[in-house]
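Letter by letter, the chains look like this.
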Amino acid sequence: MATILVVDDELGIRDLLSEILNDEGHTVELAENASQARAARAASCPDLVLLDIWMPDTDGVTLLKEWSGTGQLTMPVIMMSGHATIDTAVEATRIGATAFLEKPITLQKLLKAVDLGLNKPMAKSPTGLMPAASIPSVVGASVATPPVDLTVEAAMTGGTLPEVVLDIGPQSMQSFNLDCPLREARDEFEKSYFEYHLARESGSMTRVAEKTGLERTHLYRKLKQLGVDLARSKRNAL
């Protein structure tokens, strides 16, 4: 999993994105302004940055341009804003932003942009700006851009890397105590079932939701009800 830097001056946005990305198994660093973002960028060398445009000290586009001009734009940067214009979105992507998320950010668009950002190679022209043919898609905004290259997602799930043998905790074949009330037996089975899939999917709530056929919010409630240790599932997947 990746180290992701979230830069936003709104505490609620930082907390929400941090919770979602932590649930996906990522390590999250937080910054509320450009000054803190510079320090975090230098200290942790994040694998990806989620960068808000409108901030009190230095706006996100200016910070992005600064990183690009000083050779520090070595990681994918996804811009975020609820009030940006099309021109701003295009400018950010030309400077080097991987994608542009329009607030309010939906869970699906966030995770898709993060997955694409982490798996798509950085492509720069000799000037440090993105060539026009390589401008990424603007997620959630009405900007005419080339379609998203979905081959990255296919590569992510196509099993192209050698399989690593891990201690995944619960196995697919298990025995259960049937000499107990039905509710207890059912809870024991469901807990083992979800722990197994969480371990198999490296703690990714999104993939577990897809595997089990549950809505993500329903899955959260179910895991809490059963007392499933999400932190343990992530540790088993490391």
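This text gives an overview of the structure that appears in the document.

Conventions we followed
- Residues numbered from 1 in each chain as written.
- Predicted model: local features only at pLDDT ≥ 70, side-chain atom pairs only at ≥ 80, totals over all residues.
- Heavy atoms only, no water.
- Salt bridge = Lys/Arg side-chain N within 4 Å of Asp/Glu carboxyl O.
- Helix = DSSP H or I, 4+ residues; strand = E, 2+ residues; numbered from the N terminus.
- Buried < 20%, exposed > 50% of the residue type's maximum accessible area, 1.4 Å probe, protein only.
- Phe/Tyr/Trp six-rings, centres within 6.5 Å; stacked < 30°, edge-to-face > 60°.
- Contact = heavy atoms within 4.5 Å.

**Considering the pattern of salt bridges**
And step 1. Under the definition given, this model contains five salt bridges.
And step 2. Notably, a salt bridge pairs D8 with K103, separated by 2.7 Å at the nearest N-O pair. Within this pair, whereas D8 is found in the loop between β1 (3–7) and α1 (11–23), its partner K103 is found in the loop between β5 (99–102) and α5 (107–119), the two being separated by 95 residues in sequence. Each member of the pair D8 and K103 is classed as buried.
And step 3. The partner of E91 in a salt bridge is K65, with the nearest N and O atoms 3.5 Å apart. Taken together, the residues span a long stretch of sequence, with E91 in helix α4 (residues 86–95) and K65 in helix α3 (residues 60–69) at a distance of 26 residues.
And step 4. Among the charged side chains, a salt-bridge network with shared partners connects D8, D52 and K103.

**Overview of the packing of aromatic side chains**
And step 1. Per the stated rule, a full pass over the model turns up two aromatic pairs.
And step 2. With 5.2 Å between their ring centres and 75° between their planes, Y193 and F194 make a pair best called edge-to-face.
And step 3. Through a chain of ring-to-ring contacts, three or more aromatic side chains come together here, namely F189, Y193 and F194.

**Looking at the environment of L64**
And step 1. Structurally, the position occupied by L64 is in helix α3.
And step 2. Residues contacting L64, with those up to four places away along its chain left out, are L51, L73, V77, M79, A92, I95, G96 and A97.

Any functional reading would require information that these geometric values do not contain.
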